[in-house]
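So the chains spell out like this:
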Amino acid sequence: MASRLPGEEPAAGAERSWSSPIRSEAGSLLEQVAVAVFGLDEDDRVCSWGPGARELFGHPARDVLGRPSTVLFPTPDPGAPDPGALLAERARTLGYWRVRMPALHRDGTVFDCGFRGFPVTGTGGSDVMVLASNGVDLDRVKTNLSFLDSLFESCPIGLAMLDEELRYVHLNQALADMDGVPLAEHFGRRVDEVTPVHDRGAYLRMLRRVAAGGPPVVGALVAVRTAGDVEQVRSVSFFPLSGAGDSRRGCGGVLLDVTDRERAIVEAAAARRRLELLDRASARIGTTLDVRVTAGELVGAVVPEFCDGSVVELVQWADEAVPFDPARPLVTRRIAAHTVLPPPAPEMLAELDTVTYPPASAIHDMLRTGRPIAVQVDADFAARTVVHKERAGRLLHSGLASLVIAPLVARGTVQGITMFGRGTARPAFTEADLQLAGELASRAALSLDNALLYSRVQDIALTLQRALLPSAPATSPYVDVAHRYLPGGRVTEVGGDWYDVLSLAGGRIALVVGDVMGHGVPAAAAMGRLHTTAKAVARYTERPEEVLAELDVCAREAGIELATCLYLVYDPDTGRARIGNAGHPPPLARHPDGSVRPLGDVLGVPLGVGGVPFRSTGVELPEGSVLALYTDGLVEARGRDLDVGLAGLHRALSEEAGSARAGSAEGLEAAADRILARLLPEAPTDDTVLMLARVHRTGRAGGGAARG
């Protein structure tokens, strides 16, 4: 039958040309020498029946399967053991039993017959397989079986038997040697677990068709990777195994190493694997704008498929405009490292954050050309590249045998370097591997450069925002304040959240919280303008609605499309607060009895909208009340509704009422930390402001009633 490549469907008519599968009981050799093969189950009933058994005993399979073994023997003399039961019992206990005794033909004639019985392992029971032949034919069969045993044990061609799940149940030493895996470690493992095949599952689909009783495959060429990471081409032939009763189903195979003859297939398989790795790496690298995450994605994409260890390092240039000087040491910052090699390799990669390479190092050789280079890890490399002798010695004993060093170049500048290392158990890097390393480094460099640029912009925005936030908010003996500002995670840019505490005339205190829509430097700059305006306007007016109106004008003049602000003025003489709100989440007040209530029923339009007047509302606050002012980053997050976040803040404030030292300034600071830890995710994606203020009265009730 013509051979087919893995995954190729049979030609029209091919299925009809294979009318019946090869039987797993004995094979065509035993059938031709008139040897009967049948099986007995644990109850000594016939469980399998081969064509030779029908010829020898005259019974078709349908008449004998499931019947007691007594159907095959004449009735024994009184007191004599049952021949079939004796045969099965001896085979099980002795492991192999040979005997000659009378047998019964279907037509009633008794003939002399030789039997050989042996237990069948791996069936889950205590089945016995029996070989039977007439007279001297048995000796001839014995010779043939010896030949088959010798063939399986000493044949230089790989032989295997797989079950229906394509797991090894039998194989010869030749195949174990081809795989580079001990024979015993094959059993119970699937074919692709021992020798992976990079053909998107075509080889396994072909084997499943054969194991399911389909036509055999003869001479198909398959590229596999052995345990020694060596690409190998094999000519494989597989045929189905199926028998009556409980005999094992699956397929048998003959495998021949034809790598030398089919070197082109090996190279094509290796090239396909490199392209698949490059595609996967391209999809994995650069999913975020975090420099360390991006570097870790590169390392994770290549270890262990392409190499046994990898590092990514950023070059610490004193001035990027100054050309590279090969006569000067090179300093790098290691931002990612991973290896699957045993100790001391992991410790050696992780022990340094800053690495200094002397002028004669291999890294300098690479930077002179700007292209990846491959080097052997030997004494000369260690002496030239590693500054400390002790560390150089550990490198030589780390298990690394070869390295590829590639530059990370973006916008014409070397941003860093990456190294790929292989241990002694893997082949050295080839020229094709060198090209792949260069392509990986090139793609990773673009992502790293984007992350570096983003990081610089984010640092500028964060520095600007922190500079514009109050470093020393106003204090008052009648208002204890604990304030927190947390920038969002590296996934999103710095936002425009801000807050302040302002001293007003007559001992009043203003609490302000705002949020500018947007991120980065523009949002931080807009926040600064609003913050400065609020402080300036507060000197001339005490009414929150007038402050918000001036902030709205400022927002429109500055082109700020949308911002929110909450402005609250507290008078300690009266214990009253007046609140103005421009589209901001409402403040909460925790009363001394532990109850928590929202403050202010007026929710104005956001700043920057214009055309709508602002209003304010007054509330009375009991002595010792705690106010909570915040931005939406505290109560709103991806996957969590605003109502859920507000309910969580409500519970957190209520529970803080009974905490230890709740009435002290230190207790207020601790409460702020606990609330943030409780409500914010581990890696918040938005800026957050939380201000807790405990209010007290002066004791001059009515002294400032006119100002309330």
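Visitor: How would you summarise the packing of aromatic side chains if you had to cite specific residues and measurements?
Guide: All chains considered together, the criterion is met by 7 aromatic pairs. Ring geometry for Phe-73 and Phe-115: centres 5.4 Å apart, planes at 40°, overall tilted. Residue Phe-73 is found in the loop between helix H3 (61-64) and helix H4 (83-94), and its partner Phe-115 is found in strand E4 (residues 110-119); the two are separated by 42 residues along the sequence. Comparing Phe-73 with Phe-115, the two get one shared label, buried. Members of the aromatic cluster, connected to one another through ring pairs, are Phe-38, Trp-49, Phe-57 and Phe-111. For the cation-ring pair, Arg-90 lies above Trp-97, with the distance from its terminal atom to the ring centre recorded as 5.4 Å. Over the ring of Phe-306 we find Arg-422, and its NZ or CZ is 5.2 Å from the ring centre.

Visitor: Quick one: what's the story with the nonpolar core, residue by residue and with numbers?
Guide: In this structure, Val-302, Phe-306, Val-312 and Phe-420 are the most contacted members of the largest nonpolar core, which totals 32 residues. Listing elements by their share of this core, those giving two or more residues are helix H9 (263-284), helix H10 (291-302), strand E11 (309-315), strand E12 (330-339), strand E15 (400-410) and helix H15 (431-468). Per-element tally for this core: the top contributor is H15, with 10 residues. Apart from the residues lying within four places of it in its own chain, the contact partners of Phe-420 are Val-302, Phe-306, Cys-307, Gly-309, Ser-310, Ser-402, Leu-403, Val-404, Phe-429 and Ala-437. Core analysis: the second largest hydrophobic core is formed by 27 residues, Val-311, Tyr-357, Leu-367 and Ile-417 among them.

Visitor: I'd like to hear about the sheet that holds E11, residue by residue, with values.
Guide: Sheet strands associate in pairs through backbone hydrogen bonding, adopting either a parallel or an antiparallel arrangement. Pairing in this open sheet of 6 strands is antiparallel, and the strands run E13-E12-E11-E16-E15-E14 from one edge to the other. The open sheet terminates on both sides in strands that have one partner only, identified here as strand E13 (354-357) and strand E14 (373-376). The mean inter-strand angle of the sheet, taken between neighbouring strand axes irrespective of direction, is 30°. The pairing of E11 with strand E16 (residues 413-423) spans 6 bridges and is antiparallel. Each bridged residue has a counterpart across the sheet, and for Glu-313 the counterpart in E16 is Ile-417. Packed on one face of the sheet, helix H12 (residues 362-369) meets E12, E13, E14, E15 and E16 and runs near 40° to E15.

Visitor: Give me the lowdown on empty space enclosed by the protein, citing residues and values where you can.
Guide: Using the criterion set out here, one finds 3 cavities of 30 Å³ or more in the structure. In this structure, the largest cavity spans a volume of roughly 70 Å³. Lining the largest cavity, in full, are Ala-160, Leu-162, Tyr-168, Val-191, Thr-195, Tyr-203, Val-222, Val-224, Arg-234, Val-236, Phe-238 and Leu-255. At the level of elements, strand E6 (158-163), strand E8 (217-225) and strand E9 (231-241) are the ones that each hand at least two residues to the lining of the largest cavity. When the residues that make up the lining of the largest cavity are grouped by side-chain class, the tally is 10 nonpolar, 1 polar and 1 charged. Its volume calculated, the second largest cavity comes out at about 40 Å³. What lines the second largest cavity is simply Leu-566, Ile-579, Asn-581, Pro-586, Pro-587, Leu-599, Gly-600, Val-602 and Thr-617. Along the lines of polarity and charge, the residues of the lining of the second largest cavity split into 6 nonpolar, 3 polar and no charged.

Visitor: Explain helix H18 (residues 642-656) to me, using residue names and the numbers behind them.
Guide: For H18, spanning 15 residues, the distance from its first C-alpha to its last is 21 Å, which sits close to the expected 21 Å at 1.5 Å a residue. The complete set of buried residues in H18 reads Gly-645, Gly-648, Leu-649, Ala-652, Leu-653 and Glu-656. The buried residues of H18 occupy one face: seen down the axis, they fall within an arc of 130°.

Visitor: An account of the sheet that holds strand E21 (residues 576-582) is requested, with residue identities and associated values reported.
Guide: Taken in spatial order, the 5 strands of this open sheet run E18-E19-E20-E21-E24, and their pairing is antiparallel. Two strands lie at the open edges of the sheet, namely strand E18 (496-503) and strand E24 (616-620), each paired on one side alone. In this sheet, neighbouring strand axes are inclined to one another by 15° on average, regardless of whether the strands run parallel or antiparallel. In this structure, strand E19 (residues 509-516) lies alongside strand E20 (residues 563-571), joined through 8 bridges in antiparallel fashion. Within E20, the position partnered with Ile-509 by the bridge is Tyr-570.

What counts, and at which threshold
Residues numbered from 1 in each chain as written. Predicted model: local features only at pLDDT ≥ 70, side-chain atom pairs only at ≥ 80, totals over all residues. Heavy atoms only, no water. Phe/Tyr/Trp six-rings, centres within 6.5 Å; stacked < 30°, edge-to-face > 60°. Helix = DSSP H or I, 4+ residues; strand = E, 2+ residues; numbered from the N terminus. Buried < 20%, exposed > 50% of the residue type's maximum accessible area, 1.4 Å probe, protein only. Lys NZ or Arg CZ within 6 Å of the ring centre and 35° of its normal. Core = buried A, V, L, I, M, F, W, Y, C linked by side-chain atoms within 4.5 Å. Contact = heavy atoms within 4.5 Å. Pairing = 2+ DSSP bridges. Axes fitted to C-alpha atoms, helices over the stretch in contact; angles between N-to-C directions. 1 Å grid on protein atoms, 1.4 Å probe; cavity = no way out; pocket = protein on both sides within 12 Å on 5 of 7 lines; lining within 4 Å. Points joined across faces, edges and corners; volume = space filled by probe spheres on them. Nonpolar A, V, L, I, M, F, W, Y, C, P; charged D, E, K, R; others polar. Expected span 1.5 Å × (residues − 1). Arc of directions from axis to C-beta.

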